[in-house]
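Summary of the model geometry
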Amino acid sequence: RYEPSWDSLDARPLPSWFDEAKFGVFIHWGVFSVPSFGSEWFWWYWQKEKREPYVKFMQANYPPGFSYEDFGPLFTAEFFDPDQWADILKASGAKYVVLTSKHHEGFTLWGSKYSWNWNAVDVGPKRDLVADLAMSVRNRTDLRFGLYHSLFEWFNPLFLEDATSTFKTRKFPTSKSLPELYEIVTKYQPEIIWSDGDGNAPDTYWNSTGFLAWLYNDSPVRETVVTNDRWGVGSICRHGGFYTCSDRYNPGHLLPHKWENCMTIDKNSWGYRRDAQLHDYLTIEDLVKQLVETVSCGGNLLLNVGPTHDGRVAVVFEERLRQMGAWLSVNGGAIYGTKPWRAQNDTVTPGVWYTFSPKEGRVNAIFLDWPLSGTLQLGEPQAKPGETQVKLVGYKEPLEWLALGEKGILIALPQLTPKQLPCQWGWTLQLTDIN
């Protein structure tokens, strides 16, 4: 059994499914999806920081005295079709999904008995959005279902009272945050608990170690659940299951501990923005590059989309997810279930990243630019004449190559028309029997 101490909890082996999965989808959805302007931090920027664009937006579009709470009934979700969401998630090639069950605004997407009249069953959609999505994902896909949960809430009076006492009182975690965590685990059995928002309070205030000990010892998901590292001030990148370290974290080198790169298709926001322009969205080339770099260095990619207040996954997000799925349907063998190789990227040719497939004993070299010369020099793998084999994934014939001794290997790529290419945004070479 695990003790409620970081020494004990950090010694728990991460369930192997998470490292094998490599790719997940994050969904940021809540009352912030109603103004859908600027950022999911809308309430904070408007009311607390009083940032000019937010104040002006409210003055121009809403009556005087309109409060953030008034957005609640406008969060309607009338087009929310959980089966359709599940089908998009499946088509993306993702192996897990993480839904925001509650962001820093405190609004719960399930009918929490600890969030009276500020939840999706009492206000707005009048339905349990967490239950609906969980059921569709489990019925229609093999994705693992996870939930994001914010520890703190910007404007909760109990939290503000505790903060005033420099967290010597613990009214908020004992009556709100912790009961909610136990509630979502017992009710929805998520296999990822993605904690966030420590409110500048230590893990002792949140009793994070007490909750995690219960989660790992006695909860219905104790065998398979994974957690991140955001459990109080100072825990990020140090304690918990996998490390996130920061948003959009992509170190570009191998880390000794399992980590995740959580990032957004919209460069500027996690929540949906009606005012986003096309150039604000990352291209599929950008996203494939992020995935390949992240997996080569031992990480998972958690790619975020922000649905609309009425429950749609915007077409641009759906397209990116389906493009990722199309790429993975060809190159997934170089991503899923792989381990980092001795080199993460190539020393001679930039834009080449390596993974290792342990079962097949092969090295995968993923190159993001097709060379004009028709040949690709790899400085890291050393070929064995007469034994080494090189294949381009999605192309039948083995490729010709030349051993360069210490300097690696020179590979002749096939001359293909754009239509003959196995895929469009990055290609995989499989190398077997190399040093």
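Numbers given to residues run from 1 along each chain, matching the order in which its sequence is written. Reporting in this predicted model follows two pLDDT cut-offs: at least 70 for local features of residues, and 80 or more for side-chain atom pairs to be given and counted; totals over whole chains, interfaces and linings ignore these cut-offs and use all residues. Note: side-chain values were computed over all heavy atoms of the structure, leaving out hydrogens and water.

With that settled, consider the pattern of salt bridges. Basic side-chain nitrogens of Lys or Arg form a salt bridge, by our definition, when they fall within 4 Å of a carboxyl oxygen of Asp or Glu. If you walk through the whole model with that rule in mind, you get 24 salt bridges. Two residues, Lys339 and Asp19, come together in a salt bridge whose shortest N-O distance is 2.9 Å. You can see Lys339 sitting in the loop between helix 12 (315-331) and strand 8 (352-357) and its partner Asp19 sitting in helix 2 (residues 16-21), a full 320 residues away along the chain. Classification of residues uses two cut-offs on accessible area relative to the type maximum, computed with a 1.4 Å probe and protein chains only: under 20% is buried, over 50% is exposed, and between them is partly exposed. Given the relative accessible area of 40%, Lys339 is considered partly exposed. Across the pair Glu180 and Lys102 runs a salt bridge whose closest N-O atoms are separated by 2.8 Å. Highlighted residues: Glu180 in helix 8 (residues 171-188) and Lys102 in strand 2 (residues 96-102), separated in sequence by 78 residues. Here Glu180 and Lys102 have matching classes, each one buried. A run of H or I in DSSP becomes a helix once it reaches four residues, and a run of E becomes a strand once it reaches two; helices and strands are each numbered from the N terminus.

Paired strands, in this sense, are two strands between which DSSP finds at least two bridges. With antiparallel pairing, the three strands of this open sheet are ordered in space as 10-13-12. Both outer strands of the open sheet, strand 10 (375-378) and strand 12 (401-403), are each paired with one neighbouring strand and no more. Neighbour-to-neighbour, the strand axes of the sheet open up by a mean angle of 15 degrees, direction not taken into account. With four bridges connecting them, strand 10 and strand 13 (residues 409-412) associate as antiparallel partners. Residue pairing in the sheet places Gln377 in a bridge with Leu410 of strand 13. Each axis is a line fitted through C-alpha atoms, and for a helix only the stretch in contact is used; angles between axes span 0 to 180 degrees, taken between their N-to-C directions.

Right, let's get into the UniProt feature "domain: Alpha-L-fucosidase C-terminal" (unreviewed entry) in the protein chain. UniProt positions are given in the numbering used here, feature names are shortened, and annotations may be inferred rather than shown by experiment. Mapped onto this structure's residue numbering, the UniProt feature "domain: Alpha-L-fucosidase C-terminal" (unreviewed entry) falls at residues 344-432. Annotated as residues 344-432, this span is 0% helix and 37% strand, and its ends, taken at the C-alpha atoms, are 17 Å apart.

Right, let's talk about the domain arrangement of the protein chain for a bit. Each domain span listed reflects an automatic or database assignment of domains. You can read the domains of the protein chain as domain 1 (6-334) and domain 2 (339-432). Averaged C-alpha coordinates put domain 1 and domain 2 at centres separated by 37 Å. Here, residues are in contact when the closest pair of their heavy atoms is within 4.5 Å. On the side of domain 2, 18 residues touch domain 1, which itself brings 19 residues to the contact. What gets called buried area is simply the loss in accessible area from a 1.4 Å probe that two parts show on being joined, summed for both. Taking both partners together, domain 1 and domain 2 bury about 1,600 Å²; carbon and sulfur atoms supply 67% of that area. The tally of links from domain 1 across to domain 2 stands at one salt bridge. Polar contact is defined as a pair of N or O atoms within 3.5 Å, subject to the rule that within protein one atom must be able to donate a hydrogen and the other to accept it, and that residues adjacent in sequence are counted only when both atoms are side-chain atoms. For the pair domain 1 and domain 2, the number of links is eight residue pairs in polar contact (both at pLDDT 80 or more). In terms of residue count, the dominant contributor to the side of domain 1 that touches domain 2 is helix 11 (residues 284-296) (eight residues).

Right, let's talk about the sheet that holds strand 11 (residues 389-392) for a bit. The antiparallel open sheet is built from four strands, whose spatial order is 8-9-14-11. Looking along the sheet, the strands with just one partner apiece sit at the ends: strand 8 and strand 11. Along the sheet, successive strands turn relative to each other by an average axial angle of 25 degrees, direction set aside. Alignment of strand 9 (residues 362-367) against strand 14 (residues 427-432), held across five bridges, turns out to be antiparallel. Bridged to Asn364 within strand 14 is Gln430.

This part is about the UniProt feature "site: May be important for catalysis" (unreviewed entry) in the protein chain. Mapped onto this numbering, the UniProt entry annotates "site: May be important for catalysis" (unreviewed entry) at Cys262. With respect to the element layout, Cys262 can be found in strand 6 (residues 259-264). With residues near it in sequence (within four places) discarded, Cys262 still touches Phe26, Trp194, Arg230, Ser246, Asp247, Arg248, Tyr249, Trp270 and Leu302.

Considered for burial, the residues of helix 5 (residues 82-91) that qualify are Pro82, Trp85, Ala86, Ile88 and Leu89. Looking straight down helix 5, one finds that the buried residues subtend no more than 160 degrees of arc, so they occupy a single side. Those residues of helix 5 hidden inside the fold are in contact with strand 1 (23-27), strand 2, helix 6 (129-140) and helix 12. Positive backbone phi, at 80 degrees, marks Gly93, one or two positions downstream of helix 5. The arc under discussion is defined with respect to the helix axis, by the directions toward the C-beta atoms.

Right, let's get into the nonpolar core. Across soluble globular proteins, nonpolar side chains show a tendency to be buried alongside one another. In terms of nonpolar packing, the biggest core is built from 123 residues, with Met324, Trp327, Leu378 and Leu429 touching the most fellow members. Counting contributing residues per domain, this core is built from domain 1 (6-334) and domain 2 (339-432), each supplying no fewer than three. Among buried residues, the Ala, Val, Leu, Ile, Met, Phe, Trp, Tyr and Cys ones that are joined through side-chain atoms within 4.5 Å form a nonpolar core. In terms of nonpolar packing, the next biggest core, distinct from the first, is built from 14 residues, Phe18, Phe26, Tyr148 and Cys262 among them.

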